[in-house]
Amino acid sequence: ALILGLESSCDDTAAALVTSDRRILAQAIVGQNEAHRPFGGVVPEIAARAHVEILPDLIRRVLGEAGKSIDDVNAIAATAGPGLIGGVMVALLAGKGLALGTGKPLVAVNHLEGHALSPRLVDPDLGFPYLLLLVSGGHCQLLEVAGVGEYRRLATTIDDAAGEAFDKAAKLLGLPYPGGPAIERLAAEGDPKAVPLPRPLVGSGEPHFSFAGLKSAVQRAVQCNAYRPADIAASFQQAVVDCLVDRTRLALGRSDAPALVVAGGVAANRAIREALQKLAASEGRQFSVPPAWLCTDNAAMIAWAGAERFTRGLTDPLDAPARARWPLDPAADKVRGAGV
Ligand code: ATP
Ligand code: FE
């Protein structure tokens, strides 16, 4: 089957054509980093307006590049949340319009399911179940993925997400948004042992995460003027690596899943990829992480999640809602409340 994927839940506008046998026929993405840079973060209203202007061209472009018409498409997959609601509505309404106009089915994709299933687009050997470390701009969770739509959350962050921590630390260091890539570049010139920083929750009995205290420690390190920025960046990155590895090791001990998978924007980080690959090897698990371009937001992962759902008969009505919040494991959310 041929799936058109549309994404606009944050500050990237994207479209892609992907087949259910893992061929990416075309993809296009336009980021808005420059537009939001003066504000040090994403401004929702600016993002939503930009999506409206950019998305129609991207849809035409991917169809043209693949030499396909909309009639060749078997289903239209659009991110329906979670994210900035004004942005989410752009891709979802575009998808609904195309579905209505062509009579093709709509798949309303959870952006987090896009991240969660993305490794399967490039790794045909990755079957279910797997333990997923989902590390992105808005999330830091450990989930057992038993199948498409079957997620059991083992842990989450009690304060900031991992990507949020990178972005906040970068801001403190005067680095441009988004902070993750900027920190990674600066860290390459620094000493990860130079600055003593905390490892919040490391060693604690539940595999949850916390990064707020680490951010405050970075703030103190910056303000005391005693350290090189590169050393702070390298030490911060190492602290995040240590937290992710320790928490994931604990969760692996509670899961029989044969594979460990890392996904989400922060999984683009090389130090994090390498540390988790080592952990998987030492725990005797298979390891899978998508290439960096598939970790950060894109429409190929949305089209792929659409393909996974469409081939299982999971399509959505045209009144599918846009959702600002949409947990992968609603049961865990109810039991533990919003933060934990
Ligand atoms: P969510 O997926 O939770 O809704 P999002 O879509 O905004 O949030 P992603 O695009 O998946 O997030 O990831 C963006 C985050 O990843 C940003 O916080 C960014 O700083 C971080 N990031 C990107 N590249 C790297 C990197 N090389 N190292 C560390 N962090 C990175
Ligand atoms: Fe994302």
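Residues numbered from 1 in each chain as written. Chains lettered and ligands numbered in written order. Predicted model: local features only at pLDDT ≥ 70, side-chain atom pairs only at ≥ 80, totals over all residues.

J.: I would appreciate a short explanation of the overall build of the protein chain in the present structure.
T.: Along the protein chain, the regular secondary structure elements total 12 helices and 10 strands. Over its C-alpha atoms the protein chain spans a radius of gyration of 20 Å, differing by no more than 12% from the 20 Å that the globule rule assigns to 340 residues. Along the first, second and third principal axes, the C-alpha atoms of the protein chain reach 60 × 45 × 35 Å. The burial tally for the protein chain puts 54% of its 340 residues in the buried class. Long-range contacts, defined here as pairs at least 24 residues apart, represent 75% of the contacts in the protein chain between residues at least 6 apart. (Helix = DSSP H or I, 4+ residues; strand = E, 2+ residues; numbered from the N terminus. Rg over C-alpha atoms; globule rule 2.2 N^0.38 Å. Buried ≥ 20, exposed ≤ 12 C-beta atoms within 10 Å, placed from the backbone. Contact = placed C-beta atoms within 7 Å.)

J.: Would you mind going over the pairing of strand E9 (residues 259–263) with me for this structure?
T.: Looking along a regular strand, one sees the side chains alternate between the two faces of the sheet. The buried fraction of E9 is high, at five of five residues. Here E9 shows two buried faces, one formed by Ala259, Val261 and Ala263 and the other by Leu260 and Val262. Note that the unit made of E9, helix H9 (residues 270–282) and strand E10 (residues 286–288) has a crossover that is right-handed. (Right-handed = clockwise from strand over helix to strand, strands pointing away.)

J.: What is the right way to look at the environment of alanine 77 in this model?
T.: In this structure, alanine 77 sits in strand E4 (residues 75–81). Exposure remark for alanine 77: the 34 C-beta atoms within 10 Å place this residue in the buried category. Distance in space between the C-alpha atoms of alanine 77 and valine 245 is 34 Å, their sequence separation being 168 residues. Excluding residues within four positions of it along the chain, alanine 77 makes contact with Ile3, Leu4, Gly5, Val107, Val109, Ile302, Ala303, Ala305 and Gly306.

J.: What exactly am I supposed to notice about the site of ligand 1 here?
T.: Neighbouring ligand 1 are 23 residues; Gly137, Gly138, Gly163, Gly180 and Gly265 lie closest to it. Elements with a minimum of two residues in the shell around ligand 1: helix H4 (111–122), helix H5 (162–172) and helix H6 (179–187). A per-element tally of the shell around ligand 1 places H6 first, with four residues. (Near = placed C-beta within 6 Å.)

J.: Looking at this model, I keep getting lost on the UniProt feature "binding site: Fe cation" (unreviewed entry) in the protein chain. Mind explaining?
T.: Using the residue numbers shown here, the UniProt feature "binding site: Fe cation" (unreviewed entry) corresponds to His111, His115 and Asp297. Annotated residues spanning 187 residues; largest pairwise C-alpha distance 8.9 Å, indicating a single compact cluster. In this fold, histidine 111 is placed in helix H4. In this structure histidine 111 touches Ser9, Thr79, Gly81, Pro82 and Gly83, once residues within four positions along its chain are discounted. One can find histidine 115 in helix H4. You can call histidine 115 buried: it has 28 C-beta atoms within 10 Å. (UniProt positions renumbered as here; feature names shortened; annotations may be inferred.)

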